[in-house]
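An overview of the molecular structure
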Number of protein chains: 2
Amino acid sequence: MMTLASRSAAVPLKQVKLADPFWSRYIELVRDVVIPYQYEALHDRIPGVEPSHGVSNFRIAAGRDKGEYGGMVFQDSDVAKWLEAAAYSLAIHPDPKLEEQVDQLIDLVAAAQQPDGYLNTYFTVKEPEKRWTNLTDCHELYCAGHMMEAGVAHYLATGKRKLLDVVCRLADYIDSVFGPEDGKIHGFDGHQEIELALVKLYEVTREPRYLSLSQYFIDVRGTEPHFFLQEWEQRGRKSFYSSVANPPHLPYHQSHLPVREQREAVGHSVRAVYMYTAMADLAARTKDPALLEACENLWFNMVHKQMYITGGIGSTHHGEAFTTDYDLSNDTVYAETCASIGLIFFARRMLELAPKSEYADVMERALFNTVIGSMAQDGRHFFYVNPLEVWPAACRHNPGKFHVKPVRPGWFACACCPPNVARLLSSLGEYVYTMNEDTLYTHLYMGGEASVQFGDVPVKVIQNSVLPWNGDVTLTIQPEKAVEWTVALRMPDWSRGKADLRLNGEDVSIEDVMKDGYVYIKRVWAPGDTLELELSMEIHQVRANPNIRANAGKAAIQRGPLVYCLESVDHGAPMSSVSLAREPKLSSRFDPDFLGGAVVIEGEGWREETGDWGDDLYRTSPTPLRPAALKAIPYYLWGNRGENEMTVWVHLQ
Amino acid sequence: MMTLASRSAAVPLKQVKLADPFWSRYIELVRDVVIPYQYEALHDRIPGVEPSHGVSNFRIAAGRDKGEYGGMVFQDSDVAKWLEAAAYSLAIHPDPKLEEQVDQLIDLVAAAQQPDGYLNTYFTVKEPEKRWTNLTDCHELYCAGHMMEAGVAHYLATGKRKLLDVVCRLADYIDSVFGPEDGKIHGFDGHQEIELALVKLYEVTREPRYLSLSQYFIDVRGTEPHFFLQEWEQRGRKSFYSSVANPPHLPYHQSHLPVREQREAVGHSVRAVYMYTAMADLAARTKDPALLEACENLWFNMVHKQMYITGGIGSTHHGEAFTTDYDLSNDTVYAETCASIGLIFFARRMLELAPKSEYADVMERALFNTVIGSMAQDGRHFFYVNPLEVWPAACRHNPGKFHVKPVRPGWFACACCPPNVARLLSSLGEYVYTMNEDTLYTHLYMGGEASVQFGDVPVKVIQNSVLPWNGDVTLTIQPEKAVEWTVALRMPDWSRGKADLRLNGEDVSIEDVMKDGYVYIKRVWAPGDTLELELSMEIHQVRANPNIRANAGKAAIQRGPLVYCLESVDHGAPMSSVSLAREPKLSSRFDPDFLGGAVVIEGEGWREETGDWGDDLYRTSPTPLRPAALKAIPYYLWGNRGENEMTVWVHLQ
């Protein structure tokens, strides 16, 4: 089991200015397109798009408008996620217009808060008498958690306390309602989120009640007598969703067991990773070994048994959930964008607990593939489901694949993923480094400047990176004066240990200074010291564990952190008739004209001739194989050239 | 387009006495186990099994018992299907005890008929005021159709008219309610069945109104204004199933277009094939070229675009339905047993319209694989879903595969398939031959004796066959005196034209006398003339059309009419790690001890070593291949050795 000796903490967003040829484009896209577009969407001002009702619900709850509540029961969380994303954006890029929009929206949120501190427009407007009667289904604490995250982000970005004060009042009120004491509700939410939010609130306020309340929600979950079943009985055995007559499905909510006894990732994948994130947060602060062990077990199961090569998790759309070990079907997949974002949250917490490169490898895998792949290059269309194999005709005609979309749809009625992408990308700087008193860990290679301090010496670390296209990374260290500390650099799994490292031009033997996937360079750093890292960018043919039935006889292509895929627009349909040689000759080439510029991988493969099959479905003669030119493109760019077939896993010949 | 010049008709069941080493066991199993077991089940007398309510509903409707209606809205059809199966059994194997059970049950059915001729226990007992208010959902005409089939079968088997008279009164009453005339309902049933039943009733009664009524139901289907939508509006936009708020999904019921305009098989597959059967029946009798063309188009689409190699149809459990061309996923498959039985019905009608071997090939494929594969060797357990790839852990944990069962369950609450298997197998003799005035067509090779007549000369045709284990078939012709006619023998697709034929020991050149897959031998047949046919029983490695994405890079094994599969009990899991060489050495061997005796296929293949993968999900080094002994067993025997993995399509190395 890991020890907590080396615990580090993320270098905060305001101290990390990213300036990266790859990522800056995404961050700017979020700032210039996604945040403004979502602002309009929350105000129901996008023509032809289903109204969000997000802002309108707050206006009604605040008494500023008359009208009826609209949208899902958790619609408030869209407003909160937007505020959080906008706050991150303000932290890294001041923008008076955006700041004013944020301030106005915060005023509205504050006006919708009830005198006792309660804040939820659904129960304020629509069913005030039903407050706290259906935690299982109604997301009250979930919405509160998102608003707390927004309040913390806004305070850290701007120093303004208004929203922070709102959410502190909300947290105080919730603390008066929930807890182990007699007269309080001994319950917890159907959608975990408040647990991690309360830890954030504790970190900025240092109010121990917030940490205790988070701990309470984690501890009481899954204990007997079961709160969800008691609540269900008290409601007359009714669900919020009239179509559901059964009692709550406890594994769906990860409440089938006390969290410390959970060893396998089950149920709704977003709920799961949000909970695991909070568990890791609490383990770091309480040093509870049982909680830490549960985090490690759940991480292990998720990452070693139930994760797609793209960093997607949750393989079924039924309950947007995990299924079972190795059940990673490529075409009926769910792999929700939000779940991979939550996986990144969890990975960052695990990195803070112990710097093992696997955590960062997974974070990078999810980020470079599922997360940015979910967003169209226009910033206005998003995948919720991130398939690894798509056949558009089946998506249209087979109900088991209706959830898989061959092109990115616009902002949905249930708009959870786009604001989650926005808040992750605008706070991306927080995921690059963690540090403790004597070590700065570099987990992700992204250009930019980090401002930290060792002892009393301010230090700037300037990173240059041209990932994912090339593996050359340079760190230039600029302390105000020479000071001893340690730089730890992650050796990514995709470099397979093939890397060269130079300190001020002198070769460093990586093997000698490597531990748990990090290279440690301890020295007295002087201004201008440079570390040059050259990571191998070999093209890999990746095989899957034979227990993944869906990938038998297939390989995937990966180069650097990017998983590649093949699209039928380059090969003709059916995509499945194209195969790779077992030892293929593949070469990479940067194509500046390809969807904004990308490295494409080309090589020779094989194609089954389909032409002479006529109307036969089955026959005994083999289909002739012809050599075929293959072109693999980064997975994150799939579906940007019209509707077509796509596959990540390619048959081997 | 086919012409109707050569139309033939099935040689009736009472004229075909099967005595076949393979099939007689099944027919006896149905007689000795399935029919008695189902009789007990219909009487709710099987301990530990959900009550059927089938007989109890009739007792309540007949006023003999008090109580409440139980079971599905179409529960009457189970009683009808049992009566039909029992009648066929009586036709081929007199059994006084069974005949008495049948007579008693018919008395009960007659007693439940209403004075006006109406017969449906649900609407008689439970909602008498709602008769004919929801044809879309409530199966009234469907249940009537099944009772008509039972009445016809019972009359033909025993000469007794009681049930026939009941269903004629029922048909007369329905004819007074439905039709194009003013004041009648211009409607049709949500589940097609009565259409084909009315043709059977017409055949034994020669009452032209029954044929016209069938024609009416076929003609009005899918026309505008749409009956289901009108009915739905009149019901206040409600479905029988409270969870369904949407208007009826017209393609599900094959009512999205007038039937003559339908070119693709869509919707619920059992409904579809029952309708196509009636369409072919009507086309044969009315010679309507548009109806005939629709039958050919629908057959073509179903068999050349949407059929599994096992003769399964309907690839999704959502609506138990067809999806789209080439969408034949092996592991999320539906391929309901009843759908393959309906496909056999349709194929027999198409054979009557035109003797083309493809129709019989499909009939044989469905029969030897899906239909008998659906039944356990004990006759008490049945598959509804007939998968081509099974991984038990995924069936338990992935909701998208919950419908796929790794072992045959017992008689279900919705017990449509077992009685359908029983009625098909006990009437199997009806599928072997068709004839017209001068030709006897042999479609299936099964041992037994057919009694027919050419001109005024009675002829016995004695067939000996050891299929599916060996391809030697002998026909001995025993006319009472020499008479000229034609024997037509089907050349099965699986023999690939490799066959030897001898007439009284002399070789016959098959090519010279072959047309549409049948060999025609016209001569004056004398007593004792013999035809010996030796069909090639080569082992075939079958490839699928590359458009079937699910089968890319894979092959299936077939020998004679039997599709083979591999089970992990013989190979270890995961089954997907086993692969076939592209040109494998495979040999067949009859194993008398294997599940009652079967030809197994053995050979060398490859296996990916899974042992050294440890906890890796993905890696760059290829998995070593080791030679492995493969054992393929007939698909119909899968799942008889405990829960394990199974696959029909095997990766090619």
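Residues numbered from 1 in each chain as written. Chains lettered and ligands numbered in written order. Predicted model: local features only at pLDDT ≥ 70, side-chain atom pairs only at ≥ 80, totals over all residues. Heavy atoms only, no water.

1. Side note on the overall build of chain A
Counted only if it meets this: For helices the rule is a DSSP run of H or I covering at least 4 residues; for strands it is a run of E covering at least 2, with both sets numbered from the N terminus onward. C-alpha atoms define the radius of gyration in this analysis, and the globule rule sets the expected value at 2.2 Å times the number of residues to the power 0.38. Exposure is judged per residue with a 1.4 Å probe applied to protein chains only, and the accessible area is read against the type maximum: over 50% gives exposed, under 20% gives buried, and values in between give partly exposed. A contact between two residues is defined here by any heavy atoms of the two lying within 4.5 Å. Here the open area of atoms and residues is found with the Shrake-Rupley method and a 1.4 Å probe, where only the protein chains shown may cover a residue.
Helix and strand content of chain A: 18 helices and 24 strands. Expected size for 653 residues packed as a compact globule is a radius of gyration near 26 Å; at 25 Å, chain A falls within 12% of this value. Relative to its full complement of 653 residues, chain A shows a buried share of 64%. Intrachain contacts of chain A at a sequence separation of at least 6 include 71% that bridge at least 24 residues. On chain A, roughly 21900 Å² of surface is accessible, and the fraction owed to carbon and sulfur atoms is 50%.

2. Quick look at the packing of aromatic side chains
Worth spelling out the cut-off: For Phe, Tyr and Trp, rings pair up if their centres lie within 6.5 Å, where Trp contributes its six-membered ring, and each pair is then called stacked (planes under 30 degrees apart), edge-to-face (over 60) or tilted (otherwise). Charge-over-ring placement is defined geometrically: NZ (Lys) or CZ (Arg) within 6 Å of the ring centre, and within 35 degrees of the ring normal.
One pass over the structure, following the stated rule, counts 68 aromatic pairs over all chains. An angle of 80° between the planes, with centres 5.2 Å apart, marks the rings of Phe22 of chain A and Trp23 of chain A as edge-to-face. Of the two residues examined, Phe22 of chain A and Trp23 of chain A, each falls in the buried class. Pairing Tyr26 of chain A with Tyr636 of chain A gives two aromatic rings, centres 6.5 Å apart and planes at 70°, and the pair type is edge-to-face. A residue pair is termed long-range when its members are at least 10 positions apart, and Tyr26 of chain A in helix 1 (residues 23-42) and Tyr636 of chain A in the loop between strand 22 (625-634) and strand 23 (646-647) qualify at 610 residues. When the ring centre of Tyr118 of chain A is taken as origin, the NZ or CZ atom of Arg131 of chain A, which lies over that ring, is 3.7 Å away. A cation over a ring is seen here: Arg408 of chain B above Trp638 of chain B, with NZ or CZ 6.0 Å from the ring centre.

3. Notes on the pattern of salt bridges
Residues and elements named next belong to chain B. In plain terms, the rule: Any carboxyl oxygen of Asp or Glu that lies within 4 Å of a side-chain nitrogen of Lys or Arg is treated as forming a salt bridge with it.
Inspection of every chain in the model, using the stated rule, returns 90 salt bridges over all chains. Two residues, Asp107 and Lys162, come together in a salt bridge whose shortest N-O distance is 2.8 Å. Taken together, the positions of Asp107 in helix 4 (residues 96-112) and Lys162 in helix 8 (residues 162-177) put the pair 55 residues apart, joining distant regions of the chain. Asp107 sits in the partly exposed class, given a relative accessible area of 33%.

4. Side note on the UniProt feature "domain: Non-reducing end beta-L-arabinofuranosidase-like GH127 middle" (unreviewed entry) in chain A
Short version of the rule: UniProt positions are given in the numbering used here, feature names are shortened, and annotations may be inferred rather than shown by experiment.
Here the UniProt-annotated "domain: Non-reducing end beta-L-arabinofuranosidase-like GH127 middle" (unreviewed entry) positions come out as residues 439-537 of chain A. Taken as a whole, residues 439-537 of chain A contains 0% helix and 62% strand, while its terminal C-alpha atoms sit 27 Å from one another.

5. Focus: the relation of the copies chain B and chain A
Put simply, the rule is: Alignment of copies: least-squares fit on C-alpha atoms of residues with pLDDT of at least 70 in both copies.
Expressed as a screw transformation, the operator carrying chain B onto chain A has a rotation angle of 180° and an axial translation of 0.0 Å, and the superposed copies differ by an RMSD of 0.0 Å. The transformation just described matches what one would write down for a two-fold rotation axis. Comparing contact sets, 100% of the residues at the interface of chain B also lie at the interface in chain A, consistent with an isologous, same-surface contact.

6. Some remarks on the sheet that holds strand 9 (residues 483-490) of chain A
Residues and elements named next belong to chain A. To be explicit about the condition: A strand pair is defined by DSSP finding two or more bridges across the two strands. Note on geometry: axes are lines fitted to C-alpha atoms, helical ones only across the stretch in contact, with angles between N-to-C directions running from 0 to 180 degrees.
Taken together, six strands build an open sheet; the order of strands is 1-4-5-9-13-12 and the sheet is mixed. The strands lining the two open edges of the sheet, one partner per strand, are strand 1 (9-10) and strand 12 (514-515). Across two bridges, strand 12 lies against strand 13 (residues 518-525) in antiparallel orientation. Across the sheet, Lys515 pairs through a bridge with Tyr518, a residue of strand 13. Contacts from helix 15 (residues 357-373) reach strand 9 and strand 13, with the element oriented near 55° to strand 9.

7. Here's the deal with the side chain of Glu645 of chain B
So the rule is basically this: Counted as a polar contact is a pair of N or O atoms within 3.5 Å, where, for protein atoms, one must be capable of donating a hydrogen and the other of accepting one, and residues adjacent in sequence contribute only when both atoms are in side chains.
Along the chain, the position of Glu645 of chain B falls in the loop between strand 22 (625-634) and strand 23 (646-647). Here Glu645 of chain B falls in the buried class, since its relative accessible area comes to 5%. In this structure the side chain of Glu645 of chain B is engaged in a polar contact, spanning 2.2 Å, whose partner is the side chain of Arg549 of chain A. From its side chain, Glu645 of chain B meets the backbone nitrogen of Met575 of chain B in a polar contact 3.0 Å long. Not counting chain neighbours up to four residues away, the residues in contact with Glu645 of chain B comprise Arg549 of chain A together with Val390, Trp391, Pro392, Leu566, Glu567, Ser568, Ala573, Pro574 and Met575 of chain B.

8. A look at the domain arrangement of chain A
As a reminder, the rule being used: Segment limits for the domains were obtained from an automatic or database-derived domain assignment.
What the domain assignment reports for chain A is domain 1 (61-241), domain 2 (433-535) and domain 3 (540-652). The C-alpha centroid of domain 2 of chain A is placed 39 Å from the C-alpha centroid of domain 1 of chain A.

9. Observations regarding the interface of chain B and chain A
The test is simple: Buried area is a sum: the accessible area each of two parts loses on coming together, probed at 1.4 Å, counted once for each and added. Side-chain classes follow a simple rule in which Ala, Val, Leu, Ile, Met, Phe, Trp, Tyr, Cys and Pro form the nonpolar group, Asp, Glu, Lys and Arg form the charged group, and the remainder, Gly included, forms the polar group.
With 61 residues of chain B at the interface, the matching set in chain A holds 61 residues. Counting the surface lost from both chain B and chain A, the interface buries some 5000 Å², and carbon and sulfur atoms represent 56% of this. For the chain B face of the interface with chain A, the top three residues by lost area are Arg549, Leu617 and Tyr618 of chain B, together amounting to 16%. The interface formed by chain B and chain A includes four salt bridges. Close ionic contact of Arg549 of chain A with Glu645 of chain B constitutes a salt bridge, the shortest N to O distance being 2.2 Å. Where chain B touches chain A, the interface holds 20 residue pairs in polar contact (both at pLDDT 80 or more). Listed by contribution, the elements that provide at least two residues to the side of chain B that touches chain A are helix 13 (289-305), helix 16 (392-397), strand 15 (539-544) and strand 21 (618-619) of chain B. If you tally residues by element for the side of chain B that touches chain A, the top one is strand 15 of chain B, at five residues. Partitioned by chemical class, the residues of the side of chain B that touches chain A number 23 nonpolar, 24 polar and 14 charged.

10. Examining the pairing of strand 15 (residues 539-544) of chain A
The two faces of the sheet receive side chains in turn, since in a regular strand these alternate between them. Residues and elements named next belong to chain A. Most of strand 15 sits inside the fold, with five of its six residues counted as buried. Summarising the sheet, strand 15 and strand 16 (residues 554-559) pair through four bridges and their orientation is antiparallel. Considered in strand 16, the bridge of Val542 is made with Ala556.

11. A few points about the sheet that holds strand 4 (residues 433-435) of chain B
All names here are of chain B. Strands sit in the order 1-4-5-9-13-12 across an open sheet of six strands; the sheet is mixed. Looking at the sheet topology across the chains shown, the edges are occupied by strand 1 (9-10) and strand 12 (514-515). As paired strands, strand 1 and strand 4 are joined by two bridges and run antiparallel to one another. By the bridge assignment for strand 4, Ala9 is matched with Met435. Lying over the sheet, helix 15 (residues 357-373) contacts strand 9 (483-490) and strand 13 (518-525), oriented at roughly 55° with respect to strand 9.

12. Digging into helix 2 (residues 54-61) of chain B
Residues separated by three or four positions in an α-helix point in the same direction, a consequence of the helix having 3.6 residues per turn. Residue and element names in this part refer to chain B. Along helix 2, six of the eight residues are buried, which leaves the element largely enclosed by surrounding structure. Residues of helix 2 that are buried: Gly54, Val55, Asn57, Phe58, Ile60 and Ala61. Contacts from the buried residues of helix 2 go to helix 1 (23-42), helix 3 (76-92), helix 4, helix 5 (121-125) and helix 7 (140-158). Downstream of helix 2 by one or two residues, Gly63 has phi in the positive range, about 80°.

13. Things to note about the packing of helix 8 (residues 162-177) of chain A against helix 9 (residues 194-205) of chain A
Residue and element names in this part refer to chain A. Let me state the cut-off plainly: Roughly parallel means an angle under 35 degrees; roughly antiparallel, over 145; roughly perpendicular, 65 to 115; everything else is oblique. Left-handed describes a crossing whose near helix is turned anticlockwise from the far helix by less than a right angle; the clockwise case is right-handed.
One way to put it is that helix 8 packs onto helix 9 with a least axis distance of 11 Å and a crossing angle of 120°. As judged from the angle between their axes, helix 8 and helix 9 are oblique. Pair helix 8 / helix 9 crosses with left-handed handedness. Contact residues: Leu164, Val167, Cys168, Ala171 and Ile174 in helix 8; Ile194, Leu198, Leu201, Val204 and Thr205 in helix 9. Class assignment for the residues of the contact of helix 8 with helix 9 results in nine nonpolar, one polar and no charged.

14. Re the nonpolar core
All names here are of chain A. Stated formally: Among the buried residues, those of types Ala, Val, Leu, Ile, Met, Phe, Trp, Tyr and Cys that are joined through side-chain atoms within 4.5 Å form a nonpolar core.
Ranked by internal contacts, the top residues of the largest apolar core, which has 223 residues, are Leu83, Met148 and Ile174. With twelve residues, the top contributor of residues to this core is helix 12 (residues 269-286). Setting aside its immediate chain neighbours within four residues, Leu83 contacts Val102, Leu105, Ile106, Val109, Met147, Ala150 and Leu163.

15. Thoughts on the pairing of strand 16 (residues 554-559) of chain B
Residue and element names in this part refer to chain B. Counting buried positions over the six residues of strand 16 gives six, a clear majority of the element. Burial of strand 16 is two-sided: the residues Lys554, Ala556 and Gln558 facing one way and the residues Ala555, Ile557 and Arg559 facing the other way are all buried. Sheet analysis places strand 16 next to strand 24 (residues 650-652), joined by two bridges and oriented antiparallel. Each bridged residue has a counterpart across the sheet, and for Ala555 the counterpart in strand 24 is Val650. As paired strands, strand 16 and strand 17 (residues 562-567) are joined by two bridges and run antiparallel to one another. Bridged to Arg559 within strand 17 is Leu562.

16. Section: the packing of helix 8 of chain A against helix 10 (residues 208-220) of chain A
Residues and elements named next belong to chain A. At a minimum axis distance of 10 Å, the contact between helix 8 and helix 10 shows a crossing angle of 50°. Here helix 8 lies oblique to helix 10, going by the angle between them. Two packed elements cross with a definite hand, and for helix 8 against helix 10 that hand is left-handed. Contact residues: helix 8 offers Cys168, Ala171, Asp172, Ile174 and Asp175, while helix 10 offers Arg209, Tyr210, Leu213 and Phe217. Each residue belonging to the contact of helix 8 with helix 10 can be placed in one class, and the counts come to six nonpolar, no polar and three charged.

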